Amino acid sequence: MAGVNKVILLGHLGKDPEIRAVESGRRVCSFTLATTESYKDKNGEKVENTEWHNVVFWGPVVDVFEKYVKKGTQIYIEGKLRTRSYESKEGVKKYITEVLGESMTLLGSPRNQDQSASSGNYQNSGSSSSKASSEPSFEKSSIDETDDLPF
């Protein structure tokens with residue numbers, strides 16, 4: 001039986017996205033995303049639990065992150081988990097698990113900023129590119145942005 005590797009997150013960016021170019025010239029965007037659950041404990045007091053997720057996006061959608069996404073921006077993403085290893089400066093092998101973003105929807109402007117809300121839905125186009133790569137390519141989708149979120 002085949003496996004499923006699917007992640008759906010709705011949260012706020014913990015810091016401005018970090019954008020860089022790799023040796024091949026492709027651009028990558030990485031950031032942390034906070035998802036917060038709240039509930040009442042046995043004493044009736046509100047408790048909040050925040051999880052932090054490392055997220056990575058590749059391709060043309062990086063331009064959207066660069067122009068419109070800042071610390072505190074609420075975003076809905078879909079992707080898959082990926083674990084990779086690297087060697088630290090001290091020569092120790094380390095592992096990191098991150099979400100490889102496949103689609104994203106901007107849900108509004110950053111918290112505590114007086115900006116007009118920006119929204120947009122960006123997803124994997126599924127089309128072939130002239131560059132052979134394992135990273136997804138993105139394009140603006142034609143989904144009606146006035147629809148409610150799919151949950």
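Residues numbered from 1 in each chain as written. Predicted model: local features only at pLDDT ≥ 70, side-chain atom pairs only at ≥ 80, totals over all residues. Heavy atoms only, no water.

Q: Provide a residue-level description of the overall build of the chain, including the pertinent values.
A: Counting its secondary structure elements, the chain contains 1 helix and 8 strands. Going residue by residue from the N terminus, the α and β elements of the chain occur as β-β-β-β-α-β-β-β-β. As displayed, the chain has an accessible area near 10200 Å², and 45% of this comes from carbon and sulfur atoms. (Helix = DSSP H or I, 4+ residues; strand = E, 2+ residues; numbered from the N terminus. Areas by Shrake-Rupley, 256 points an atom, 1.4 Å probe, with all protein chains shown as cover.)

Q: For the confidence of the model for the chain, give the residues involved together with the corresponding values.
A: Mean pLDDT over the chain works out to 80, with 71% of the residues at or above the 70 mark. Taken together, the stretch residues 125–151 has pLDDT below 50 and engages in 43 contacts with residues farther than four places along the chain or on a different chain. (pLDDT = per-residue confidence, 0-100. Contact = heavy atoms within 4.5 Å.)

Q: Which residues make up the pairing of strand S1 (residues 7–13), and what values do they have?
A: Consecutive side chains along a regular strand alternate between the two faces of the sheet. By the criterion of burial, S1 is predominantly enclosed, with 5 of the 7 residues buried. Bridge analysis of S1 against strand S5 (residues 74–87) gives 6 bridges, and the strand direction is antiparallel. Bridge assignment links Leu-10 to a residue of S5, and that residue is Tyr-76. Judged from the 2 bridges that link them, S1 and strand S3 (residues 27–40) form a sheet pairing that is antiparallel. (Buried < 20%, exposed > 50% of the residue type's maximum accessible area, 1.4 Å probe, protein only. Pairing = 2+ DSSP bridges.)

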